[in-house]
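Here is what each chain is made of, one letter per residue.
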2 protein chains.
Amino acid sequence: MQVYPGDPQPEFDPHATIKDDKVNVTRFTLGSHTGTHVDAPWHFLQEGNSIDMEPLDKFIGETAIIDASGKNIITAEEFSGYDIRSNDIVLIYTDTGDRRTNFAYLDISAAEWIVENGVKSVGIDTASVEKYGRKDAPVHKMLLASNIGIIENLANLEQFAGSRMFFVCLPLPLKGIDGSPARAVLFDIVK
Amino acid sequence: MQVYPGDPQPEFDPHATIKDDKVNVTRFTLGSHTGTHVDAPWHFLQEGNSIDMEPLDKFIGETAIIDASGKNIITAEEFSGYDIRSNDIVLIYTDTGDRRTNFAYLDISAAEWIVENGVKSVGIDTASVEKYGRKDAPVHKMLLASNIGIIENLANLEQFAGSRMFFVCLPLPLKGIDGSPARAVLFDIVK
């Protein structure tokens, strides 16, 4: 697991151990945007929802999984040729999730396409949908202001690229917080 | 959210803020068994799996939701009269989840019934399946040694008590750790 530069370093400390206490319990510290995670609107928008206020159905539903491997900038054109429907979650496989900084990212045309086509959430296998280091965050702000969910640092998308599946991603309901680590799974769609 | 006596106190600290940094990011600390969470076998068994080693299908599947409200000790008899099938997840509504210590708990007969009937996981709306303060943890050890999942501190079970549904509970894959906070959802089963 990589940590976005400047974010808190994860820490894991034994709080109780079987040897001394008959039970293992761990005290751990994470950043709210570390590992696979969901961005709450309040991450970038002062008036936006915190993660506990977000309805879970934004992160649960049918998904189209896009293969954007080999691209450094993901534009609206990347979505053509895929069966993407209103209310879908779009997941983007970039194959750049191992890069700490110069990973692939969405440009504003891709964000506009997502808004205009009624996509309800977008997920990506990198640390951010945004170009690394871009502090004005136009892609985040457009998506979050349009009530579109953002899931980052997804893993294992490659084998599902090109298919439609059912996605379930469950962030923790951390009260008043800007995002949360989350686990995500894909199910086959059985008609 | 209550914290099991002796467990770490949750802490949430702003790491970056929109005002100063153009973005909200939080550094948070939790115990591995705080809030809704999954116990890994390694919580009580020295040779048991850590949470990242646990297959997710233990925590995903059809569930029978039991109404054990009004009981302080949940015995095997509590399961009679319910349609509980092999490979089910059994969720137990006790209505004692607001109690910090003297909550309802499973006795060993209930644990034996779960093992003998091929239940794959058991979830409860209290801080523990075990009697409060019982350090030898016979119920945990019997269940975990039998490869049965344990989910504690579930919320909002009341309205689903008595029904069969589809349960998805997703712990974080914390490497080498004894358990993890998790979010859980119930879906209707559509035949």
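Residues numbered from 1 in each chain as written. Chains lettered and ligands numbered in written order. Predicted model: local features only at pLDDT ≥ 70, side-chain atom pairs only at ≥ 80, totals over all residues. Heavy atoms only, no water.

### Describing the overall build of chain A
Consideration 1: The helix and strand inventory of chain A stands at three helices and eleven strands.
Consideration 2: Ordering the α and β elements of chain A from the N terminus gives β-α-β-β-β-β-β-β-α-β-α-β-β-β.
Consideration 3: Its C-alpha radius of gyration of 17 Å places chain A within 12% of the 16 Å reference for a compact globule of 191 residues.
Consideration 4: Taking all 191 residues of chain A together, the buried fraction comes to 52%.
Consideration 5: Across chain A, contacts joining residues at least 24 apart in sequence account for 71% of those joining residues at least 6 apart.
Consideration 6: Accessible area of chain A: about 8300 Å², with a carbon and sulfur share of 47%.
Consideration 7: Treating the 17 positive side-chain charges of chain A as one cloud and the 28 negative ones as another, the clouds have centres 4 Å apart. (Helix = DSSP H or I, 4+ residues; strand = E, 2+ residues; numbered from the N terminus. Rg over C-alpha atoms; globule rule 2.2 N^0.38 Å. Buried < 20%, exposed > 50% of the residue type's maximum accessible area, 1.4 Å probe, protein only. Contact = heavy atoms within 4.5 Å. Areas by Shrake-Rupley, 256 points an atom, 1.4 Å probe, with all protein chains shown as cover. Lys, Arg positive; Asp, Glu negative; His and termini not counted. Charge placed at Lys NZ, Arg CZ, Asp CG, Glu CD.)

### Overview of the interface of chain A and chain B
For an interface, size is often stated in terms of accessible area lost upon the parts coming together.
Consideration 1: Across the contact, 42 residues belong to chain A and 42 residues belong to chain B.
Consideration 2: Interface area lost by chain A to chain B is led by Asn24(A), Phe28(A) and Arg183(A), which between them contribute 18%.
Consideration 3: At the boundary of chain A and chain B, one finds two salt bridges.
Consideration 4: The partner of Glu11(A) in a salt bridge is Arg27(B), with the nearest N and O atoms 3.4 Å apart.
Consideration 5: Our enumeration of links across chain A and chain B arrives at 17 residue pairs in polar contact (both at pLDDT 80 or more).
Consideration 6: Secondary-structure elements contributing two or more residues to the side of chain A that touches chain B are strand 1 (11–16), strand 2 (25–31), strand 10 (164–171) and strand 11 (179–187) of chain A. (Buried area = accessible area lost by both parts, 1.4 Å probe. Salt bridge = Lys/Arg side-chain N within 4 Å of Asp/Glu carboxyl O. Polar contact = N/O pair within 3.5 Å; in protein donor to acceptor, adjacent residues only side chain to side chain.)

### Overview of the relation of the copies chain A and chain B
Mapping between the two copies of the chain is achieved by a rotation about an axis and a shift along the axis.
Consideration 1: With an RMSD of 0.0 Å, the fit of chain A onto chain B corresponds to turning through 180° and sliding 0.0 Å along the axis. Classification of the inter-copy transformation places it as that of a two-fold axis. Identified as the residue of chain A closest to the rotation axis by C-alpha distance is Thr29(A), at 2.1 Å. (Least-squares fit on C-alpha atoms with pLDDT ≥ 70 in both.)

### A short note on helix 2 (residues 108–116) of chain A
Residues and elements named next belong to chain A.
Consideration 1: Listing the buried residues of helix 2 in full gives Ala 110, Ala 111, Trp 113 and Ile 114. Buried residues of helix 2, seen end-on, are gathered within an arc of 160° and therefore sit on one face of the element.
Consideration 2: Structurally, helix 2 contributes buried residues whose contacts are with strand 5 (73–74), strand 7 (105–106), strand 8 (121–124) and helix 3 (138–145).
Consideration 3: Immediately beyond the C-terminal end of helix 2, within one or two residues, lies Gly 118, with a positive phi of roughly 70°. (Arc of directions from axis to C-beta.)

### A word on the sheet that holds strand 3 (residues 37–39) of chain B
Residues and elements named next belong to chain B.
Consideration 1: Spatial strand order, 3-9-8-6-4-10-11: seven strands in a closed barrel with mixed pairing. Taking the axes of each pair of neighbouring strands and ignoring which way they run, one obtains an average angle of 35° across the sheet.
Consideration 2: Strand direction decides the pairing type here: strand 3 and strand 9 (residues 149–152), joined by three bridges, are antiparallel. Across the sheet, residue His 37 finds its bridge partner in strand 9, namely Glu 152. (Pairing = 2+ DSSP bridges. Axes fitted to C-alpha atoms, helices over the stretch in contact; angles between N-to-C directions.)

### Here's the deal with the pairing of strand 4 (residues 60–67) of chain A
All names here are of chain A.
Consideration 1: Burial within strand 4 is extensive, with six of its eight residues counted as buried.
Consideration 2: Both strand 4 and strand 10 contribute to a ladder of five bridges, which runs antiparallel. Residue pairing for strand 10: Ala 64 is matched across the bridge by Arg 164.
Consideration 3: Pairing between strand 4 and strand 6 (residues 89–93): five bridges, direction parallel. From the neighbouring strand, Ile 66 faces strand 6, where its bridge partner is Ile 92.

### Comments concerning the sheet that holds strand 8 of chain A
Residue and element names in this part refer to chain A.
Consideration 1: What the seven strands build is a closed barrel, ordered 3-9-8-6-4-10-11; its pairing is mixed. On average, each strand axis in the sheet is tilted by 35° relative to the strand beside it, whichever way the strands run.
Consideration 2: Sheet topology places strand 10 next to strand 11; six bridges connect them, and they run antiparallel. Paired with Leu 170 across the bridge in strand 11 is Arg 183.

### Some details on unusual backbone geometry
Residues and elements named next belong to chain A.
Consideration 1: For Ala 137, which is not glycine, the phi torsion reads 50° and is therefore positive.
Consideration 2: For Ala 137, the position within the fold is in the loop between strand 8 and helix 3.
Consideration 3: The residue Asn 156 is not glycine, and still its phi comes out positive at about 60°.
Consideration 4: Position of Asn 156 among the secondary structure elements: in the loop between strand 9 (149–152) and strand 10.
Consideration 5: The class for Asn 156 is exposed, based on a relative accessible area of 59%.

### A short note on the pattern of salt bridges
Consideration 1: Here the structure, examined in full by the defined rule, presents 19 salt bridges over all chains.
Consideration 2: As a salt-bridge pair, Arg164(B) and Glu62(B) come within 3.0 Å of each other at their nearest N and O atoms. One end of the pair, Arg164(B), is in strand 10 (residues 164–171); the other, Glu62(B), is in strand 4 (residues 60–67), and 102 residues separate them in sequence.
Consideration 3: What makes Glu62(B) partly exposed here is its relative accessible area of 28%.
Consideration 4: Between Arg85(B) and Asp83(B) there is a salt bridge, with the nearest N and O atoms lying 2.7 Å from each other.
Consideration 5: What makes Asp83(B) partly exposed here is its relative accessible area of 40%.
Consideration 6: In this structure, a network of salt bridges that share partners links the residues Glu62(A), Asp83(A), Arg85(A), Asp88(A) and Arg164(A).

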